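# Commentary on secondary and tertiary structure
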Amino acid sequence: MNIIHFETIDFTNTYLKNNYKQLDNLTIVSSDVQSNGRGRNNRKWDSSKGNNLLFSILIKDENIIRKYKSLSIISAYTIIQILKQYGINDVYLKWPNDVIVNNKKICGVLLEAVSKNAIECLIIGVGLNVNEDKFDKEYLIEATSMKNELNKTIDLNELKDIVYKKFIENINTDYDFYDDIKECDYLKNKRVSIQINNKLKNVEVIGIDHDYSLKVKDKDKTINIETGEASMHI
Amino acid sequence: MKIYKVKVNGKVYEVEVEAIDEVKETIKTETKETESVKSEGTNQIIAPIAGKVLDIKVNVGDVVKKGQTVMIIEAMKLENEIQSSFDGRVARINVNVGSDVRNKDVLIELE
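Scope of this entry: the structure provided in the associated data block. Keep in mind that this is a model prediction, so the values were computed, not measured. (Residues numbered from 1 in each chain as written. Chains lettered and ligands numbered in written order. Predicted model: local features only at pLDDT ≥ 70, side-chain atom pairs only at ≥ 80, totals over all residues. Heavy atoms only, no water.)

### Some points on the overall build of chain A
Along chain A, the regular secondary structure elements total six helices and 12 strands. Of the contacts made within chain A by residues no fewer than 6 positions apart, 61% connect residues no fewer than 24 positions apart. Carbon and sulfur atoms form 44% of the exposed surface of chain A, whose accessible area is close to 11000 Å². (Helix = DSSP H or I, 4+ residues; strand = E, 2+ residues; numbered from the N terminus. Contact = heavy atoms within 4.5 Å. Areas by Shrake-Rupley, 256 points an atom, 1.4 Å probe, with all protein chains shown as cover.)

Laid out in structure tokens, this is it:
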């Protein structure tokens with residue numbers, strides 16, 4: 001594994017976007033602190049306190065790039081596998097790629113690509129709350145961490161090793177994760193607000209479909225959602 | 001007139017189909033010139049995947065350098081940064097933020 005570690009950086013995804021041409025396939029960039037981390041739709045990913053696992057993986061192998069439609073959700077599922085290994089069992093995948101424990105967000109994934117007329121590389125960015133124990137209340141979704149859930153401090157170096165190896169394994173395999181992912185579908189049978197044809201609609205979630213789109217029921221129509229985000233109604 | 005539900009690439013469409021008499025009538029088809037038709041003398045920046053336009057980083061008239069990010073397209077949880085393969089001036093932007101694009105659609109034309 002080729003790992004580049006920073007004590008502090010603006011955003012690990014940005015580093016790979018700026019340097020992907022010179023770096024090898026499956027290079028990992030990690031940082032103790034990110035000053036400008038972000039999630040999907042440009043939302044800020046606050047990771048200023050140095051207690052968490054923040055890393056990005058560069059993918060240049062065309063055989064893996066071809067699987068781009070599933071990589072984001074498989075990345076989230078990889079974190080679920082590791083959390084279960086650590087004894088956190090009430091863990092779910094909230095479509096498209098949030099990891100939820102006890103109805104709180106513990107991990108986010110941002111999959112980015114750089115393209116000219118074809119995809120030149122993919123970058124999987126992961127932010128996992130590990131030893132963080134206080135979270136700002138300003139965020140819409142409540143957050144949690146491994147430390148909060150397990151009531152103990154986690155050895156970050158040991159965790160990194162496990163996580164990186166599992167990611168490399170899952171990225172490279174041809175194993176079909178669909179049945180495993182279906183088992184931890186957080187939104188299944190729930191009502192959510194979601195954009196359909198530029199209109200915000202309240203729909204019932206049927207579940208994650210085999211192509212990893214979200215299958216929903218809008219009155220008598222069944223629709224597969226590929227982009228955007230589902231906000232859950234309580 | 002019958003209405004059918006057709007699923008194409010995961011998206012469900014409602015399609016109205018009218019049965020015709022083959023001898024008596026012909027179906028008139030309307031061809032719309034889509035915004036992805038090539039203009040003369042321009043370099044095209046095309047969509048590498050189908051998705052939704054999340055952000056457009058340039059305006060018509062801007063000078064663009066090869067390698068500059070001009071647009072972000074989102075698809076299947078992937079944010080795709082589209083870089084220009086050419087130097088040039090933006091002549092035409094064929095999409096808006098929120099537009100759905102298909103693979104190989106012409107997004108931007110440079111002169």
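### Digging into the side chain of A:Ser213
By secondary structure assignment, the location of A:Ser213 is in the loop between strand 9 (199-208) and strand 10 (214-218). A polar contact is formed between the side chain of A:Ser213 and the side chain of A:Asp211, at a distance of 2.6 Å. When residues no more than four places from it in sequence are discounted, the contact partners of A:Ser213 are A:Trp95, A:Gly207, A:Ile208, A:Asn224, A:Ile225, A:Glu226, B:Met76 and B:Lys77. (Polar contact = N/O pair within 3.5 Å; in protein donor to acceptor, adjacent residues only side chain to side chain.)

### Considerations on the sheet that holds strand 8 (residues 88-93) of chain B
All names here are of chain B. If you walk across this open sheet you meet the four strands as 3-10-8-5, and the pairing is antiparallel. Pairing within the sheet leaves two strands with one partner each, and these edge strands are strand 3 (43-46) and strand 5 (63-64). In terms of strand pairing, strand 8 meets strand 10 (residues 106-110) through three bridges, oriented antiparallel. Across the sheet, Arg92 pairs through a bridge with Glu109, a residue of strand 10. (Pairing = 2+ DSSP bridges.)

### Describing the side chain of A:Glu112
Tracing the chain through its elements places A:Glu112 in strand 6 (residues 104-115). Within the structure, the side chain of A:Glu112 is placed 2.8 Å from the side chain of A:Asn13, a separation counted as a polar contact.

### A look at the interface of chain A and chain B
With 34 residues of chain A at the contact, the number on the chain B side is 27 residues. In total, chain A and chain B occlude about 2500 Å² of area from one another, counting both sides; carbon and sulfur atoms represent 48% of this. Run the count over chain A and chain B and you get one salt bridge. Salt-bridge contacts for B:Glu81 lead to A:Lys17; the nearest nitrogen and oxygen are separated by 2.7 Å. Inspection of the region where chain A meets chain B yields eight residue pairs in polar contact (both at pLDDT 80 or more). (Buried area = accessible area lost by both parts, 1.4 Å probe. Salt bridge = Lys/Arg side-chain N within 4 Å of Asp/Glu carboxyl O.)

### Side note on the pattern of salt bridges
Residues and elements named next belong to chain A. Scanning all chains against the criterion turns up 11 salt bridges over all chains. With a closest N to O distance of 2.9 Å, Lys17 and Glu112 form a salt bridge. Taken together, the residues span a long stretch of sequence, with Lys17 in helix 1 (residues 12-19) and Glu112 in strand 6 at a distance of 95 residues. Exposure remark for Lys17: the relative accessible area of 13% places this residue in the buried category. (Buried < 20%, exposed > 50% of the residue type's maximum accessible area, 1.4 Å probe, protein only.)

### Quick notes on the pairing of strand 9 of chain A
All names here are of chain A. Examined bridge by bridge, strand 8 (residues 191-196) and strand 9 share six bridges and lie antiparallel to one another. Of the residues in strand 9, the one forming a bridge with Ile194 is Lys201. Bridge count between strand 9 and strand 10: four bridges; the pairing is antiparallel. If you follow Ile208 over to strand 10, its bridge partner there is Leu214. Between strand 9 and strand 10, which follow one another and run antiparallel, lie five residues, and Tyr212 among them has a positive phi close to 70 degrees.

### Description of the packing of aromatic side chains
Residue and element names in this part refer to chain A. On inspection of all chains with the given rule, the structure shows seven aromatic pairs over all chains. Taken together, a centroid distance of 6.2 Å and an interplanar angle of 50 degrees make the contact between Tyr92 and Tyr186 tilted. On the criterion of sequence distance, the pair formed by Tyr92 in strand 4 (residues 91-94) and Tyr186 in the loop between helix 6 (178-183) and strand 8 is long-range, its members being 94 residues apart. Looking at Tyr92, the relative accessible area reads 32%, which means it is partly exposed. When its relative accessible area of 10% is taken as the criterion, Tyr186 is described as buried. Pairwise contacts between aromatic rings join Phe55, Tyr164 and Phe167 into one cluster. Lying across the ring of Tyr186, Lys190 places its NZ or CZ 4.5 Å from the centre. (Phe/Tyr/Trp six-rings, centres within 6.5 Å; stacked < 30°, edge-to-face > 60°. Lys NZ or Arg CZ within 6 Å of the ring centre and 35° of its normal.)

### Concerning helix 1 of chain A
The complete set of buried residues in helix 1 of chain A reads A:Thr12, A:Asn13, A:Leu16 and A:Lys17. End-on view of helix 1 of chain A: buried residues confined to an arc of 140 degrees, all on one side of the axis. The inward-facing, buried residues of helix 1 of chain A contact strand 1 (3-9), strand 2 (28-34), strand 3 (53-59), strand 6 and strand 7 (119-128) of chain A together with strand 7 (78-83) of chain B. (Arc of directions from axis to C-beta.)

### Notes on the state of the cysteines
A complete count under the given rule lists zero disulfides over all chains for this structure. Take A:Cys107: it sits in no disulfide, and the sulfur closest to it among the cysteines is that of A:Cys184, at 13 Å. (Disulfide = S-S within 2.5 Å.)

### A short note on the environment of A:Phe11
Tracing the backbone shows A:Phe11 in the loop between strand 1 and helix 1. Counting along the chain gives 23 residues from A:Phe11 to A:Gln34, while the straight-line C-alpha distance between them is 5.6 Å.

### Digging into the environment of A:Asn51
All names here are of chain A. With respect to the helices and strands, the residue Asn51 is situated in the loop between strand 2 and strand 3. Using a relative accessible area of 27% as the deciding quantity, one classes Asn51 as partly exposed. The spacing of Asn51 and Gly207 is 156 residues in sequence and 34 Å in space, taken between C-alpha atoms. If near-sequence neighbours (up to four positions away) are discounted, Asn51 is found in contact with Val130, Asn131, Glu132 and Leu156.

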